[in-house]
Amino acid sequence: MTAPTAPEPGPGSTPPAPPVPLAALLAHPDLGLRLLAGPGDVPLHWVHTSEMADPYPYLLGGELLMTAGVQLTDPAHYVGRVVEAGAAALAFGVTPVYDTVPAGLVEACARHGLPLVEVPPRTPFTAVARALWRLMAEARLYELRRVTEAQQSLATAAARPAPVPAVLGALASRLAGRAVLFAPDGTESVAAGREVPAEAARALRELAGVLGPRPGGPASASGDGGGLRLAAYALGGGDGLTLGVATDRRGPGDHTIAGVAVVLLSLLTAPHRGADVTVRDASLVRLLLGAPPAEVARSLGPGPWTVVHARGGDGTPFAATSLAAALGTALVDAGGDTPGVEGGTTGIGGGTTGVEGRTTGVGGGTPGIGGSTAGIGGGAAGVGAGADQRLGLDPAVGGDARPSPVRLLLPASVEVTAQPGWTLGAGAPVGAEELAAGDAQAARALRRAEATRTALVRHRAGGFAALVDREEAAAYAAGLLAPLTEPLAETLRVWLSLHGSWDRTAAALDIHRNTVRQRITRCTALLDRDLDDPDVRMELWFALKSR
């Protein structure tokens, strides 16, 4: 068995777009592509065009790199850098620079095992990019349908008289493998699906044992054994039950399908669930009838409590519940602006932007830097806010279009740990009377986590700010920052927190970098302060923190 690793979440909500095999692109009748070297079955994740002498800094890996060889002087060195960057294949367009593909380039690609494709003069690079996007869109649509059908099948199975075996059977059928529910001691409690070799069964049991009932331990793990792909998921009931799955292959949507099964099995196997629900319902009724929130909170537990804000997930209706189960709590506000869907919609294929002005990413919803590059085929996230940013428009006029974060309430004795696919902000442990303060702390921590691209950020208390009277500091901050509107103040706060970085501030606020510059220039004029002065920056930072 290979060393277990946590399953990686997809780049967008719901499963990511599967890679497209190069063979599918070669088989496109209208392109006329011809394979000159290397294997034809490599997976393509996106496409990138570059005429740089060294494209290495602009490659992410897994792409089809297209070039006409404008600056090709040393084919061997060029291919070595492309391979080092992790590109999947190289496409060379003949004419107007070269009438044929250089022999040295063919030889270098053959030596490195890098697929080399000849693009005929009649085929523009944009046609290749469009064809790849269409193939990715078709593959993603197939995967979305597969996941939707699997969710419906699992939900139907959960309503049957023997729900746990039925859910395992539906999961094994959908993944064409074997699904096992392991007891805390590692024995098979319930199993469904085809039999697997003894080596694979043993490796799956060992992988499930890696998770175990340890507080704060990993929620999932993956590996290989007996020629099969293995995955294990800890159930959220708190009894140490683990779901194990063994399949011949691992598709992009398999992790999402297994996650739905984990949530259903956690609910079906959780002990005393009815009593917990009764307590929560009674607390809600008391709150609606006028009981003080602190008093209601004490009925849910002795406290203290930790408030957690989260954004991310796989986009399924069960994402928030699955997160709550992984963190060990049933007290969760799913948030979100779209019923049943958390995090909105991302562009098809998770394409990336290019730094060069001539580059077009395929299948992404990420806007290009400075308006020179745009993802093709982006979803709602790439067409709505992205279009405004490429035009330099200020989305602050219309407010924050992102869905509300998921909010969770955990006993302070439960350790908050980073979760795959989620960005978390955790407040400091507080008593029932200070839950509102804990909620504000968690919100600020989540903003810091998103700005710094950190999986988990905790509230930091104390410091010099704690030595200043809060009321006096707030009054001084109100006067100092009075000329600023809320969007300007928030932009200034994020810009200062990121040490004046235009690009990181733009990414954190989801606005164009030119908009950041315009706002900071406006702040300088309204405040009549030199923002390059470190003393001014420090004073403004404390003022923004004291609001």
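Residues numbered from 1 in each chain as written. Predicted model: local features only at pLDDT ≥ 70, side-chain atom pairs only at ≥ 80, totals over all residues. Heavy atoms only, no water.

K.L.:
Any chance you could explain the confidence of the model for the chain here in plain terms?
P.N.:
Do not read the predicted coordinates in detail wherever pLDDT is low. Across the chain, the average pLDDT comes to 79, with 78% of residues at or above 70. The secondary structure element of the chain with the lowest average pLDDT is helix α11 (residues 380-383), at 33, and the one with the highest is strand β7 (residues 116-119), at 97. For residues 1-15, every residue scores under 50 in pLDDT, and the model assigns this stretch 45 contacts once sequence neighbours within four places are set aside. Low pLDDT (under 50) marks residues 337-399, which in the prediction has 139 contacts with non-local residues, meaning those over four places away or in another chain. (pLDDT = per-residue confidence, 0-100. Helix = DSSP H or I, 4+ residues; strand = E, 2+ residues; numbered from the N terminus. Contact = heavy atoms within 4.5 Å.)

K.L.:
What exactly am I supposed to notice about the pairing of strand β4 (residues 46-49) here?
P.N.:
In summary, the side chains of a regular strand alternate between the two faces of the sheet. Alternating positions in β4 separate into two faces, W46 and H48 on one and V47 and T49 on the other, with burial throughout. Two strands pair when backbone bridges link them, and β4 and strand β5 (residues 63-67) are joined in this way by four bridges, in the parallel orientation. Across the sheet, V47 pairs through a bridge with L64, a residue of β5. (Buried < 20%, exposed > 50% of the residue type's maximum accessible area, 1.4 Å probe, protein only. Pairing = 2+ DSSP bridges.)

K.L.:
How do you make sense of the sheet that holds strand β17 (residues 456-458) when you look at a structure like this?
P.N.:
Adjacent strands of a sheet pair through backbone hydrogen bonds, lying either parallel or antiparallel. Within the open sheet, the five strands sit side by side as β14-β15-β13-β16-β17. Their pairing is mixed. The outermost strands of the open sheet, each flanked by one partner alone, are β14 (332-333) and β17. As defined by bridge partners, strand β13 (residues 305-312) adjoins strand β15 (residues 406-411) across six bridges and the pair is classed as antiparallel. The residue bridging W305 from the neighbouring strand is P411, located in β15. Lying on the sheet, helix α13 (residues 435-452) is in contact with β13, β15, β16 (422-426) and β17; it crosses β13 at an angle near 35°. (Axes fitted to C-alpha atoms, helices over the stretch in contact; angles between N-to-C directions.)

K.L.:
Would you take a moment to explain the pattern of salt bridges for this structure?
P.N.:
Working definition: two side chains of opposite charge can pair if their charged atoms are close together. Across all of its chains, the model carries 18 salt bridges by this definition. E188 is the salt-bridge partner of R178, the closest N and O atoms lying 3.7 Å from each other. Here E188 lies in strand β9 (residues 188-193) and R178 lies in strand β8 (residues 178-182), a separation of ten residues in the sequence. Residue E188 is classed as partly exposed on the basis of its relative accessible area of 41%. For the salt bridge of E450 with R311, the shortest nitrogen-to-oxygen distance reads 3.2 Å. With E450 in helix α13 and R311 in strand β13, this pair connects stretches of sequence that are 139 residues apart. The class for R311 is buried, based on a relative accessible area of 18%. Here the residues in one salt-bridge network are D54, R81 and E84, joined through shared partners. (Salt bridge = Lys/Arg side-chain N within 4 Å of Asp/Glu carboxyl O.)

K.L.:
Would you mind going over the nonpolar core with me for this structure?
P.N.:
Generally speaking, soluble globular proteins have nonpolar side chains that are buried together. Within the largest apolar cluster, 29 residues are counted, with the highest numbers of intra-cluster contacts made by L154, L168, L171 and L243. Of all the elements in the fold, those that place two or more residues in this core are α4 (125-158), α5 (163-175), β8, β11 (228-234), β12 (242-247) and α7 (254-269). Per-element accounting of this core gives the leading share, eight residues, to α5. The next biggest cluster of nonpolar side chains, apart from the first, holds 22 residues, and it includes L31, A88, A89 and A131. (Core = buried A, V, L, I, M, F, W, Y, C linked by side-chain atoms within 4.5 Å.)

K.L.:
Would you mind going over the sheet that holds β8 with me for this structure?
P.N.:
Reading across the sheet, the five strands line up as β9-β8-β12-β11-β10 and stay open at both edges, with antiparallel pairing between neighbours. Two strands lie at the open edges of the sheet, namely β9 and β10 (220-225), each paired on one side alone. Strand-to-strand twist across the sheet, computed as the mean angle between neighbouring axes with direction ignored, equals 15°. Packed on one face of the sheet, α5 meets β8, β9 and β12 and runs near 40° to β9.

K.L.:
Please clarify how a positive patch on the surface should be interpreted in this entry.
P.N.:
A cluster of basic residues, R444, R447, R460 and K545, forms a positive patch on the protein surface. The residue R460 is located in the loop between β17 and α14 (470-480) in this model. A relative accessible area of 63% places R460 in the exposed class. (Patch = residues over 30% accessible without salt bridge, like charges linked within 9 Å, V, L, I, M, F, W, Y side chains within 5 Å. Areas by Shrake-Rupley, 256 points an atom, 1.4 Å probe, with all protein chains shown as cover. Lys, Arg positive; Asp, Glu negative; His and termini not counted. Charge placed at Lys NZ, Arg CZ, Asp CG, Glu CD.)

K.L.:
Sorry, what's going on with the packing of α4 against α5 here?
P.N.:
Any two packed helices are characterised by the angle at which their axes cross and by the distance between the axes. Packing of α4 against α5 brings their axes to within 8 Å, and their N-to-C directions diverge by 160°. When the axis of α4 is compared with that of α5, the two are roughly antiparallel. At the point where α4 passes α5, the crossing takes the right-handed sense. Seen from α4, the contacting residues are R146, E149, A150, S153, L154, A157 and A158; seen from α5, they are P163, A166, V167, A170, L171, R174 and L175. (Parallel < 35°, antiparallel > 145°, perpendicular 65-115°, else oblique. Left-handed = near helix turned anticlockwise from the far one by under 90°.)

K.L.:
I tried to follow the packing of aromatic side chains on my own but got confused; where do I start?
P.N.:
A ring pair, where both rings are aromatic, is described by two values, the distance of the centres and the angle of the planes. For the structure on display, the rule yields two aromatic pairs. Ring centres of F92 and Y98 lie 5.6 Å apart, and the angle between their planes is 65°; this geometry places the pair in the edge-to-face category. On the accessibility criterion, F92 (0% relative accessible area) is buried. Taking the relative accessible area as the measure of exposure, Y98 reaches 25% and is therefore partly exposed. Their ring planes at 35° and their centres at 5.5 Å tell us that W495 and W502 sit as a pair that is tilted. Take W495: its relative accessible area is 3%, and that puts it in the buried class. Classification of W502 by relative accessible area gives partly exposed; the value is 23%. Between the NZ or CZ atom of R81 and the centre of the ring of Y56, over which it lies, the distance is 4.2 Å. (Phe/Tyr/Trp six-rings, centres within 6.5 Å; stacked < 30°, edge-to-face > 60°. Lys NZ or Arg CZ within 6 Å of the ring centre and 35° of its normal.)

K.L.:
Would you explain the environment of V190 in this entry?
P.N.:
Topologically, V190 is positioned in strand β9. Accessibility expressed as a relative area gives 22% for V190, which makes it partly exposed. Along the sequence, V190 and L168 sit 22 residues apart, while their C-alpha atoms lie 8.0 Å from each other. For V190, the contacting residues outside a window of four places in its chain are V164, P165, L168, A179, V180 and L181.

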